[in-house]
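Fold and geometry: a report
Spelled out from the first residue to the last, the chains are:
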There are 2 protein chains.
Amino acid sequence: MTASSQPLADLGIVGGGQLARMTAERAAKLGLKTVVLDPSADCAAGDLATRHIEASFDDADGLRELVETTRVTTFDIEAGDAAILRQLESEGGKIHPSPSVLATIQDKLVQRRFLAEHGLPVPRFEDLPNAAPEAFASFGYPLVQKARHGGYDGRGVAVLRSADDLDRALTSPSMVEEQVAIARELAALVARRPNGDSVVYDIVELFPDDATHVLEALVFPAAMDEQTHRAAQDLGRAAIDALDGVGIFAVELFLDTNGKLWVNEISPRPHNAGHVTIEAAATCQFEQHLRAILDLPLGSTRAVSAAAMVNVLGPAGLDGNARVRELSPALEVPGARLHLYGKTRSWPGRKLGHLTVLDPDPDTALERAREARTRLEFVAKEVA
Amino acid sequence: MTASSQPLADLGIVGGGQLARMTAERAAKLGLKTVVLDPSADCAAGDLATRHIEASFDDADGLRELVETTRVTTFDIEAGDAAILRQLESEGGKIHPSPSVLATIQDKLVQRRFLAEHGLPVPRFEDLPNAAPEAFASFGYPLVQKARHGGYDGRGVAVLRSADDLDRALTSPSMVEEQVAIARELAALVARRPNGDSVVYDIVELFPDDATHVLEALVFPAAMDEQTHRAAQDLGRAAIDALDGVGIFAVELFLDTNGKLWVNEISPRPHNAGHVTIEAAATCQFEQHLRAILDLPLGSTRAVSAAAMVNVLGPAGLDGNARVRELSPALEVPGARLHLYGKTRSWPGRKLGHLTVLDPDPDTALERAREARTRLEFVAKEVA
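Residues numbered from 1 in each chain as written. Chains lettered and ligands numbered in written order. Predicted model: local features only at pLDDT ≥ 70, side-chain atom pairs only at ≥ 80, totals over all residues. Heavy atoms only, no water.

As for the relation of the copies chain B and chain A
This is how it is decided: What sets the superposition is a least-squares fit of C-alpha atoms, and only residues with pLDDT of at least 70 in both copies go into it. The criterion used for residue contact is that any of the two residues' heavy atoms lie within 4.5 Å.
Aligned on chain A, chain B shows an RMSD of 0.0 Å; the corresponding rotation is 180° and the shift along the axis is 0.0 Å. Such a turn and shift between the copies fits a two-fold axis. A shared binding surface is used by both copies, with 100% of the interface residues of chain B retained as interface residues in chain A.

Below is the structure:
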């Protein structure tokens, strides 16, 4: 590996969004220095990182600089160019999760095949080399069409109940799968070390927005019988063991109306569903991720309290520099913990922050968190 | 007030140590920008603040710039020049706690007189214009001599049991007071808004180091009967009401061997004793401070869990750039939450960080926090 003139930082992160920001924040408390790679000059993690490499996620020089000037490279987004990263790894760069795990996850079809081959319960699925009406019909309706690449937060997913919905079909390379009769959406957060040691948090119940499928809220722990709770945790661990993944992973699960669990998809990084662990667990997901990728002992996942988290998204009709009109109304809500990500610009649906409330009763927590959010009004901000 | 070319930041802080660092960190989560004034180029808060004014705490130009370029100015240390700040306040600058509160607190004799005049229980005390042996004898041994200015963390305090201890007497302007037969040392953390609304956390029990009197550890909440607990909280509130203080304050208390409570001293800022609230309370002391000085609704002080905190101090025999040798041993301790302050240099006794452990049993929490600390070894670091 070529030596660089930069001193070696502890941590490199591909992507400089809020996940990188919160990772860098926690890293600093462990005495660790972080470098982020992100194309945006004003990315959310920029001012918390020691250094910011302004480059796109597939910029070979930028990725090389990131990997070569840090002890371990990780992700805030599953968007690094896996081939370039594989090359850097072969030259001795340490990258967790590994480029091969990243490649498996980046392509939803490859991910599904991988999970199926490892005996994990996934809905029936098929490659869809071309989105011809006959191909959908032959798979059978209702179905879910998923873009193989680049989908997230509900983007790149189309639910087709019948041929009447064909105008909504995606045109990018995609796969199709059977629609599960979802009773509840869950997530298992799993942290795993290079030696295979792993921990899993209590299961989180996710409440995605009906229209956009972006996470609207969650409660922690999910209220369900102990057996299903344990089975969901075991499924999460099994998926990450199969991947031989290192780091923290969110394994999104479906519980269907018959009480059966299915693996939906895996994120190879800290996850929106894990923000609640900042306040509600003995060790938060960001520290757990750092411990995993730095091969340190994993922390306790003990739930300190039941809790709820809601996302704070950019409102409709506002596209540009924004600020909260007034903090008072939201902060009046008992126990509301506000986390804004330092983003200057808002656009409709952009993740600007989140709110967490701890309460022994998760429904009370959820109600308060939602109430606090309705009181948080974003308005346009004149640039100084 | 003269307009400056700088855009107005939300928050100015006199002092850039770890308290400013943690305040700036929480401020960012509320979408607020922070400017710190500190003479050290590498002060702990520097890299989390939007701007760092490098100036001493009595630099008139620096303080003016801080006050005039921020919406409200506050403190990380009770060391700003009160006369200069009073002038800036009279010109319209908003400063909380006010320069007059600061002046009352900065001089321990003035502080004692103030508390006594407001009927708060303080040990018998006297001014000591000159430290002649007869003056001590006439006050009566055993006594505690305190420097009027600049003492903290056990500095500026001498306990004289008899005339035999006179060689330990302080030579700076000082006061003397009766030695209380201390059974326990406590702290009440009180946050108070401009309109007089206030909240108080559960009482913390402090364990200062016997030799240096620097805080070694604490448990939260202090294990004591409800009546004494409430009385300690009431005393804390009464002291800050008397001061008409705005912000967060730590009111250090003694519980004597007869079960009587005494006010020891007041800190007009976030306090080492309040770090435990980061994880263990519904709202942490830093956010509470921000809410108070920005005149926002105060947060819930509810204890989420019992907890303990220990300070991490620079070890004896190490003076220079330092790093933790290895994180693993400390992180193996269940539930240990490490907070390092990003300080490059260590010297014996310097506050480098703290460790918090949450556990339903505070003794278990304390034991684990201390165990984690013994496993945290600092070693000299070659500068890159």
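Notes on the interface of chain B and chain A
Keep this limit in mind: Summed over both partners, the accessible area lost on bringing two parts together, with a 1.4 Å probe, is the buried area. We define a salt bridge as a side-chain nitrogen of Lys or Arg found within 4 Å of a carboxyl oxygen belonging to Asp or Glu. Secondary structure is summarised from DSSP: a helix means a run of H or I of at least four residues, a strand means a run of E of at least two, and numbering begins at the N terminus for each. Three classes are used: nonpolar for Ala, Val, Leu, Ile, Met, Phe, Trp, Tyr, Cys and Pro, charged for Asp, Glu, Lys and Arg, and polar for all others, with Gly counted as polar.
With 40 residues of chain B at the interface, the matching set in chain A holds 40 residues. Taken over both partners, the interface formed by chain B and chain A buries close to 3200 Å², and the fraction arising from carbon and sulfur atoms is 50%. When the buried area of chain B at its contact with chain A is split by residue, B:Lys29, B:Leu331 and B:Arg337 rank highest and sum to 21% of it. As a salt-bridge pair, B:Glu25 and A:Lys29 come within 2.6 Å of each other at their nearest N and O atoms. Where the side of chain B that touches chain A is concerned, the elements lending two or more residues are helix H1 (18–29), helix H8 (277–280), helix H9 (285–293), helix H10 (328–331) and strand E17 (337–340) of chain B. In terms of residue class, the side of chain B that touches chain A is made up of 21 nonpolar, eight polar and 11 charged.

Quick word on the pairing of strand E6 (residues 143–147) of chain A
All names here are of chain A. Quick reminder of the rule: Remark: exposure states derive from per-residue accessible area (1.4 Å probe, protein chains only) relative to the maximum for the residue type, with buried under 20%, exposed over 50%, and partly exposed in between. Any two strands with at least two DSSP bridges between them are considered paired.
Counted residue by residue, E6 has five buried out of five residues, so it is predominantly covered. Judged from the four bridges that link them, E6 and strand E7 (residues 157–160) form a sheet pairing that is antiparallel. Bridged to Lys146 within E7 is Val157. The pairing of E6 with strand E8 (residues 174–178) spans five bridges and is classified as antiparallel. Bridge pairing links Leu143 to Glu178 in E8.

Considering the sheet that holds strand E4 (residues 70–75) of chain A
Residue and element names in this part refer to chain A. To keep it simple, the criterion reads: Only the contacting stretch of a helix is used when fitting its axis, a line to C-alpha atoms as for every element, and angles between N-to-C directions run 0 to 180 degrees.
Taken in spatial order, the four strands of this open sheet run E3-E2-E1-E4, and their pairing is parallel. What marks the edges here is a single partner per strand, and that holds for strand E3 (51–53) and E4. Each adjacent strand pair in this sheet contributes to an overall mean axis angle of 25°, direction not counted. Looking at chain direction, strand E2 (residues 34–37) and E3 are connected through three bridges and run parallel. Among the inter-strand pairings, Leu37 is bridged to a residue of E3, identified as Ile53.

Things to note about the side chain of B:Ser305
Within the secondary structure, B:Ser305 is located in the loop between H9 and strand E15 (307–313). With residues up to four places along the chain from it excluded, the contact list for B:Ser305 reads A:Val304, B:Phe220, B:Ala280, B:Leu358, B:Asp359 and B:Pro360.

So, helix H2 (residues 60–68) of chain B
Burial in H2(B) covers these residues: B:Gly62, B:Leu63, B:Leu66, B:Val67 and B:Glu68. Those residues of H2(B) that are buried are in contact with strand E1 (9–14), strand E2 (34–37), strand E3 (51–53), strand E4 (70–75) and helix H3 (82–90) of chain B.

Concerning the environment of A:Phe139
Residue and element names in this part refer to chain A. Relative to the helices and strands, Phe139 resides in helix H6 (residues 133–139). Residue classification places Phe139 among the buried residues on the basis of a relative accessible area of 4%. Each residue touching Phe139, except ones within four places of it in the same chain, is listed here: Arg124, Phe125, Glu126, Val176, Glu177 and Glu178.

Describing the pairing of E8(A)
Residues and elements named next belong to chain A. Most of E8 sits out of view: four of its five residues are buried. The sheet contact formed by strand E5 (residues 125–128) and E8 spans four bridges and is antiparallel. The residue bridging Glu126 from the neighbouring strand is Val176, located in E8.

Notes on the sheet that holds strand E5 (residues 125–128) of chain B
Residue and element names in this part refer to chain B. An order of E5-E8-E6-E7 is seen for the four strands of this open sheet, with the pairing classed as antiparallel. Here the strands that pair on one side only, and so sit at the sheet edges, are E5 and strand E7 (157–160). If you compare each strand with its neighbour and ignore which way they point, the axes differ by 25° on average. Contacts between helix H5 (residues 108–117) and the sheet are confined to E5, strand E6 (143–147) and strand E8 (174–178), with E5 contributing the most and set at about 150° to the helix.

A word on the packing of H1(B) against H9(B)
Residue and element names in this part refer to chain B. Definition in use: Roughly parallel refers to an angle under 35 degrees, roughly antiparallel to one over 145, roughly perpendicular to one between 65 and 115, and oblique to any angle outside these ranges.
The contact between H1 and H9 brings their axes to 9 Å, and the two run at 75°. When the axes of H1 and H9 are compared, the pair comes out roughly perpendicular. Contacts from Leu19, Met22, Thr23, Arg26 and Ala27 of H1 reach H9 at Phe286, Glu287 and Leu290. Of the residues contributing to the contact of H1 with H9, the split by class is five nonpolar, one polar and two charged.

Here's the deal with the side chain of A:His96
Tracing the sequence through the fold places A:His96 in the loop between helix H3 (82–90) and helix H4 (99–106). Those residues in contact with A:His96, other than ones at most four positions away along the chain, are A:Val72, A:Thr73, A:Thr74, A:Phe75, A:Pro194, A:Val246 and A:Ile293.

Thoughts on the environment of A:Gly31
Residue position: A:Gly31 is located in the loop between helix H1 (18–29) and E2. Given a relative accessible area of 45%, A:Gly31 falls into the partly exposed group. C-alpha separation for the pair A:Gly31 and A:Asp10, spaced 21 residues apart in sequence, amounts to 9.2 Å. Apart from the residues lying within four places of it in its own chain, the contact partners of A:Gly31 are A:Asp10 and B:Leu340.

Things to note about helix H7 (residues 226–243) of chain A
Residues and elements named next belong to chain A. For clarity, the threshold we go by: Between the first and last residue of a helix there are one fewer steps than residues, each counted as 1.5 Å, and that sum is the expected span. What the arc measures is the spread of directions leading from the helix axis to the C-beta atoms.
With 18 residues, H7 should cover 26 Å at 1.5 Å per step; its first-to-last C-alpha distance of 26 Å lies within 8% of that length. Restricting attention to buried positions, one finds in H7 the residues Thr228, His229, Ala232, Gln233, Leu235, Gly236, Ala239, Ile240 and Leu243. All buried residues of H7 project into a common sector of 155° when viewed along the axis, lining one side. Relative to its buried face, H7 has exposed residues pointing more than 90 degrees away, namely Glu226 and Gln227.

Considerations on the pattern of salt bridges
A full pass over the atoms with the stated rule returns 58 salt bridges over all chains. The residue A:Arg168 makes a salt bridge to A:Asp165 at a minimum N-O spacing of 3.7 Å. Of the residues examined, A:Asp165 reaches a relative accessible area of 7% and is grouped as buried. One salt bridge connects B:Arg71 with B:Asp10, and the closest N-O pair in it is separated by 3.7 Å. Of this pair, B:Arg71 sits in strand E4 while B:Asp10 sits in strand E1, and the two are 61 residues apart along the sequence. The exposure class of B:Arg71 is partly exposed, given its relative accessible area of 48%.

Quick word on the packing of aromatic side chains
For the record, the criterion: The pairing test for Phe, Tyr and Trp rings, Trp by its six-membered ring, is centres within 6.5 Å, and the orientation test on the planes gives stacked under 30 degrees, edge-to-face over 60, and tilted for anything in between. Consider the ring centre and the ring normal. A charge sits over the ring if Lys NZ or Arg CZ is within 6 Å of that centre and within 35 degrees of that normal.
A complete count under the given rule lists zero aromatic pairs over all chains for this structure. Of note, A:Arg370 hangs over the ring of A:Phe207, and the distance from its end group to the ring centre comes to 5.9 Å. The ring of B:Trp262 has B:Lys260 lying over it, and the distance from NZ or CZ to the ring centre is 4.5 Å.

Details of the packing of H3(B) against helix H4 (residues 99–106) of chain B
All names here are of chain B. Stated formally: Working rule for handedness: look at the near helix, and if it is turned counterclockwise from the far one by less than a right angle, call the crossing left-handed; if clockwise, right-handed.
Interhelical geometry of H3 versus H4 gives an angle of 165° and a closest axis separation of 9 Å. On the basis of their axis angle, the class for H3 and H4 is roughly antiparallel. Judged by the sense of rotation from one axis to the other, the crossing of H3 with H4 is left-handed. Where H3 abuts H4, its residues Ala82, Leu85, Arg86 and Glu89 lie against Pro99, Ser100, Leu102, Ala103 and Gln106. Counted by class, the contact of H3 with H4 contains five nonpolar, two polar and two charged residues.

Some details on unusual backbone geometry
Here the bond from A:His96 into A:Pro97 is cis, since omega is -10°, no more than 30 degrees from zero. With respect to the helices and strands, A:Pro97 occurs in the loop between H3 and H4. For A:Asp244, which is not glycine, the phi dihedral falls at a positive 55°. The topology assignment puts A:Asp244 in the loop between H7 and strand E13 (247–256). With a phi close to 55°, B:Asp295 is a non-glycine residue in the positive phi region.

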